[in-house]
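Close look at the chain arrangement
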Amino acid sequence: GTGSGLGSFVLNLLEDEFPEVYRFVTSVYPSGEDDVITSPYNSVLAMKELNEHADCVLPIENESLFDIVNKIHRMINSGKLGSTVKQNSLVTSSAGSARIVQEKPFDAMNNVVANLLSARFEGSLNMDLNEISMNLVPFPRLHYLVSSLTPLYTLADVNVPSRRLDQMFSDAFSRDHQLIQADPKHSLYLACALLVRGNVQVSDLRRNIERLKPSLHFVSWNQEGWKTGLCSVPPVGHSHSLLALANNTCVKPTFIKLRNRFMKLYKKKAHLHHYLHIDGMEESCFSEAVSSLSDLIEEYNELDATKGGPRTDPSRLKIAL
């Protein structure tokens with residue numbers, strides 16, 4: 001299978017045993033060329049559980065991870081100045097030459113995900129997991145966060161020259177650095193968090209937020225929806241790094257694509273018997289799951305319909321002198 005059954009079972013156990021603790025889930029979504037025929041069933045069934053029992057979900061697409069790893073190889077083969085591969089790394093062969101990616105390089109793809117998951121360190125301007133959920137999730141079911149990383153290659157064993165600080169912030173809002181294929185710049189932001197590591201000052205954060213704000217569409221009632229975290233310890237081999245987490249309606253196309261793939265199978269009742277012979281599984285489980293997904297998509301539609309409305313400046317506290 002895809003691990004979604006076990007993952008959602010563990011999620012339910014965690015809710016039962018630790019009801020007061022926030023539950024964060026990193027969920028891998030199948031690509032269009034996935035080799036598991038029933039993956040749309042597994043994903044939609046799991047999403048019903050994620051909608052109801054997770055506090056934050058970081059969706060990751062296999063296709064995006066594969067593209068990132070291929071990008072590393074193109075960069076290496078281009079011979080750009082300063083781009084080298086460490087010996088005996090996950091992206092090199094035993095002979096030391098760069099591998100040609102023919103099959104999915106799961107180790108390198110998993111390293112990119114590990115880089116995402118490890119981006120939580122204490123610092124002078126700290127942000128813990130509870131704050132991420134409190135600040136980025138204004139509605140309980142809309143808790144799917146788009147993650148962007150820069151640099152992408154820290155744990156992919158590639159030495160690349162450090163990006164300039166301002167360029168790093170720009171990279172975090174480009175599609176090339178996202179772990180899901182989406183377009184947040186042309187969609188609606190509910191909130192955004194920036195977790196920075198390295199020699200970066202609070203003034204650098206504020207300057208870049210002000211620089212990027214005009215090109216990003218935030219909901220009218222949360223124009224100042226930014227949360228920041230700062231840790232002075234940089235990742236190994238780099239002067240600074242950035243993880244951006246965006247609650248954005250751009251995840252909707254991914255969910256629509258998944259629902260369409262689900263319905264192609266479900267309309268024909270294809271492969272359904274593999275599930276129905278298991279105790280506790282009934283056909284109603286499938287109809288309820290796709291209904292839950294459709295409701296989620298509709299919630300994003302309602303938000304998207306407000307895009308382009310009047311931008312109102314937040315009211316400021318007035319102090320009588």
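Reading the values: rules and limits
- Residues numbered from 1 in each chain as written.
- Predicted model: local features only at pLDDT ≥ 70, side-chain atom pairs only at ≥ 80, totals over all residues.
- Heavy atoms only, no water.
- UniProt positions renumbered as here; feature names shortened; annotations may be inferred.
- Helix = DSSP H or I, 4+ residues; strand = E, 2+ residues; numbered from the N terminus.
- Buried < 20%, exposed > 50% of the residue type's maximum accessible area, 1.4 Å probe, protein only.
- Contact = heavy atoms within 4.5 Å.
- Areas by Shrake-Rupley, 256 points an atom, 1.4 Å probe, with all protein chains shown as cover.
- Pairing = 2+ DSSP bridges.
- Right-handed = clockwise from strand over helix to strand, strands pointing away.
- Axes fitted to C-alpha atoms, helices over the stretch in contact; angles between N-to-C directions.
- Parallel < 35°, antiparallel > 145°, perpendicular 65-115°, else oblique.
- Left-handed = near helix turned anticlockwise from the far one by under 90°.
- Nonpolar A, V, L, I, M, F, W, Y, C, P; charged D, E, K, R; others polar.
- Salt bridge = Lys/Arg side-chain N within 4 Å of Asp/Glu carboxyl O.

As recorded in an unreviewed UniProt entry, the protein goes by Tubulin epsilon chain and comes from Mesitornis unicolor. Recorded under Subcellular location (unreviewed entry), the UniProt text for the protein is reproduced unchanged: "Cytoplasm, Cytoskeleton". According to the UniProt record, the Sequence similarities (unreviewed entry) comment for the protein is "Belongs to the tubulin family."

1. As for the overall build of the protein
Summing up its helical and strand segments, the protein has ten helices and nine strands in all. Residue burial in the protein is summarised as follows: out of 321 residues, 47% are buried. When contacts within the protein are restricted to residue pairs at least 6 apart in sequence, those whose partners lie at least 24 apart make up 85%. In the structure as shown, the protein presents an accessible area of about 16800 Å², 53% of it carried by carbon and sulfur atoms.

2. A closer look at the pairing of strand 6 (residues 188-198)
On a regular strand, one side chain projects to one face of the sheet and the next to the other, so that they alternate. Where burial is concerned, most of strand 6 is hidden: eleven out of the eleven residues are buried. Sheet topology places strand 6 next to strand 7 (residues 217-218); two bridges connect them, and they run parallel. If you follow Tyr189 over to strand 7, its bridge partner there is Phe218. Traced from strand 6 through helix 7 (residues 202-212) to strand 7, the parallel crossover comes out right-handed. Examined bridge by bridge, strand 6 and strand 9 (residues 240-248) share nine bridges and lie antiparallel to one another. If you follow Gly198 over to strand 9, its bridge partner there is His240. Here strand 6 pairs with strand 8 (residues 226-231) via six bridges, running parallel. Opposite Val196, over in strand 8, you have Leu230 as the bridge partner.

3. With respect to the packing of helix 8 (residues 252-266) against helix 10 (residues 283-304)
For any two helices packed against each other, the geometry is given by the interaxial angle and the distance between the axes. One way to put it is that helix 8 packs onto helix 10 with a least axis distance of 10 Å and a crossing angle of 150°. The angle between helix 8 and helix 10 places the two elements in the roughly antiparallel class. Seen from above, helix 8 lies across helix 10 with left-handed handedness. Here Lys252, Phe255, Ile256, Arg259, Phe262, Met263 and Tyr266 of helix 8 come into contact with helix 10, specifically with Glu283, Phe286, Ser287, Val290, Leu293, Ser294, Leu296, Ile297, Tyr300, Asn301 and Asp304. Across the contact of helix 8 with helix 10, the residue classes break down as eleven nonpolar, three polar and four charged.

4. Quick look at unusual backbone geometry
At the junction of Thr150 and Pro151, the peptide bond is cis and its omega measures out at 0° in the coordinates. Here Pro151 is to be found in the loop between strand 4 (145-150) and strand 5 (158-159). The phi torsion at Lys269 lies on the positive side, around 55°, for a residue other than glycine. Among the secondary structure elements, Lys269 is positioned in the loop between helix 8 and helix 9 (273-276). The class for Lys269 is partly exposed, based on a relative accessible area of 39%. Phi is positive for His271, which is not a glycine, with a value near 65°.

5. Some thoughts on the pattern of salt bridges
Applying the stated criterion across every chain yields a total of twelve salt bridges. Glu15 is the salt-bridge partner of Arg23, the closest N and O atoms lying 3.5 Å from each other. Between Glu299 and Arg141 there is a salt bridge, with the nearest N and O atoms lying 2.7 Å from each other. Placement of the pair is Glu299 in helix 10 and Arg141 in the loop between helix 5 (129-136) and strand 4, with a sequence separation of 158 residues. A cluster of three or more residues bridged by salt bridges with shared partners is formed by Glu15, Arg23 and Asp55.

6. Considerations on the packing of helix 2 (residues 39-53) against helix 10
Relative to each other, helix 2 and helix 10 sit at 65°, their axes nearing to 8 Å. The handedness of the crossing between helix 2 and helix 10 comes out as left-handed. In this structure, helix 2 contributes Tyr41, Val44, Leu45, Met47, Lys48 and Asn51 to the contact, and helix 10 contributes Cys285, Phe286, Glu288, Ala289, Val290, Ser292, Leu293 and Leu296. Residues that form the contact of helix 2 with helix 10 fall into these classes: ten nonpolar, two polar and two charged.

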